[in-house]
Amino acid sequence: MRSGSRDRQCEEDTQVDIEELSSLFYVDYHGDRAAFEHAVERYAERSGRSLQLQRFALEGQDDLCVTAAELPAREPERLLIIVTGIHGVEGYAGSALTRLLLSELLQRTDSARTGILLVHALNPYGFAHGLRVNRNNVDLNRNCALPGQALFATDCSAYQRLAPILAPKRPVRSGAVARSQFVLQLLAARARHGETTVRMASLGGQYVDAQGVFWGGDVVQPEIRWFQQLYTRVCPQYREVLLVDMHTGYGERGEAYALFGRADSPSVAACTELGVQDAAGHTRTYEVHGDLVGYCYQTAKQLAPRGVWNGVALEIGTHGLSTSQQISDLYTVVLENQLRHHLARDKHLAPRIRLAFRELFNPSAPEWRARALRAGRHAAENLLLGRGFLRAA
């Protein structure tokens, strides 16, 4: 075959791969949930595992539910937990990746000794409505309080200083002037308080403004309570647990990062120690209050102090890490939140804002979707191999 023919064949193969991978993404919550349940049932049948499907429906909205697929080990030693959709709209990528892992990786687990717990759409309301928050405007990944923890009394003074920028109490205004004003105000805040302080104040979670961004709530939400009960029942049965909580948004486009890690094992710690770095090598990592990984780690240590526990938030970037890209992304989040609470002066703004928000957390480009799944699969395989959850291919 001539070189030109080989190049064309390679391009055709790549395009087929992109189309096949991007087809794993669904356009609505109900279709995605059905695909998840079908994939789990097929996996259980092929692997000879028993399957227990459990659902938690939202009060007053029986058609929206969290679905947990438990595939217990016959002789429990290791437990793999994969959670998707705690940030609603981010769950489309997480669900697609979960189904890819079921078909390509998880057949290599030891069904006798390795249990699997897959949680689909931990925030079904946000999943169905294209939001990161639940119907109470709560960011569920800032809501995972431990018993007796004063999470909802966390000091939010840094957020309060930035609240006029991050949560304006007025209808959305259009045009370059409003965007420029936001950029200038945020840059001034970064110069005054420091980049790290502003990043933490805007992303880390806050507990004072129920209409603000990244609000962690004032009580543990029903979806989180249900997960906590499930987790505390299943986790103590195993001597080792590996949790992967899937997200999209933060990071370079199509790259996968292990964030917010809590790791007993050096192999997992090594995956998380670099955090997120931009092209210049500057750290862009931040910490959060009330996150799922932190809750699960602390709870596991209380339930089984001698057990081995590792967990990460697996984040797949959708845009970039430059200062201008990060400010643009934050502005998109601020506008979407402002629109839901205070509407817009121009009715034509609403669909544009919602579309920009969806594209930030669930990009429609087939090339991104394929790249995201490849990167996520590679990261997940490294984590699982590092702890002996998979047989070598």
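Placed above this text is the structure.
Attention here is on the structure that accompanies the text. (Residues numbered from 1 in each chain as written. Predicted model: local features only at pLDDT ≥ 70, side-chain atom pairs only at ≥ 80, totals over all residues. Heavy atoms only, no water.)

## Looking at the packing of helix α2 (residues 29–47) against helix α3 (residues 91–104)
In plain terms, the rule: Axis geometry follows a simple rule: fit a line to the C-alpha atoms, using only the stretch in contact for helices, then measure angles between N-to-C directions, giving values from 0 to 180 degrees. Secondary structure elements are defined from DSSP: runs of H or I of at least 4 residues count as helices, runs of E of at least 2 residues count as strands, and each element is numbered from the N terminus. Angles below 35 degrees are treated as roughly parallel, those above 145 as roughly antiparallel, those between 65 and 115 as roughly perpendicular, and all remaining angles as oblique. Note on convention: the crossing is left-handed when the near helix lies turned anticlockwise from the far helix by less than a right angle, right-handed when the turn is clockwise. We call two residues contacting when some pair of their heavy atoms lies within 4.5 Å. As a working rule, the residues Ala, Val, Leu, Ile, Met, Phe, Trp, Tyr, Cys and Pro are called nonpolar, Asp, Glu, Lys and Arg charged, and the rest polar, with Gly in that last group.
Two elements in contact, α2 and α3, have axes whose closest approach is 10 Å; the angle formed by their N-to-C orientations is 15°. Relative to α3, the element α2 lies roughly parallel. In the packing of α2 onto α3, the handedness of the crossing is left-handed. Counted together, Tyr29, Asp32, Ala35, Phe36, Ala39, Val40, Tyr43 and Arg46 of α2 and Tyr92, Ser95, Thr98, Arg99, Leu102 and Ser103 of α3 form the full contact between these two elements. Here the contact of α2 with α3 is composed, by residue class, of 8 nonpolar, 3 polar and 3 charged.

## Some remarks on unusual backbone geometry
Note the following rule: When accessible area is computed with a 1.4 Å probe and restricted to protein chains, residues below 20% of their type maximum are described as buried, those above 50% as exposed, and intermediate ones as partly exposed.
Positive phi outside glycine occurs at Ala121, with the angle close to 60°. Mapped onto the secondary structure, Ala121 falls in the loop between β4 (114–120) and α4 (124–129). Residue classification places Ala121 among the buried positions, given a relative accessible area of 0%. In this structure, Phe260 takes a positive phi of about 55° despite not being glycine. Look at Phe260 and you get buried, because its relative accessible area is 15%.

## What about the pattern of salt bridges?
As a working rule, side chains carrying opposite charge can pair if their charged atoms are close by. Put simply, the test is: Just to be clear on terms, a salt bridge is a Lys or Arg side-chain nitrogen sitting within 4 Å of an Asp or Glu carboxyl oxygen.
Overall, the coordinates contain 24 salt bridges when judged by the stated rule. For Glu104, the salt bridge is made with Arg377, and the minimal N-O distance between the two is 2.6 Å. In this pair, Glu104 is assigned in helix α3 and Arg377 in helix α13 (residues 366–386), connecting sequence segments 273 residues apart. Since its relative accessible area comes to 39%, Glu104 is described here as partly exposed. Residue Arg142 is joined to Asp139 by a salt bridge in which the shortest nitrogen-to-oxygen separation is 3.8 Å. Owing to a relative accessible area of 1%, Asp139 belongs among the buried residues under this scheme. Salt bridges sharing partners connect three or more residues here, namely Glu75, Glu77, Asp110, Arg113 and Arg239.

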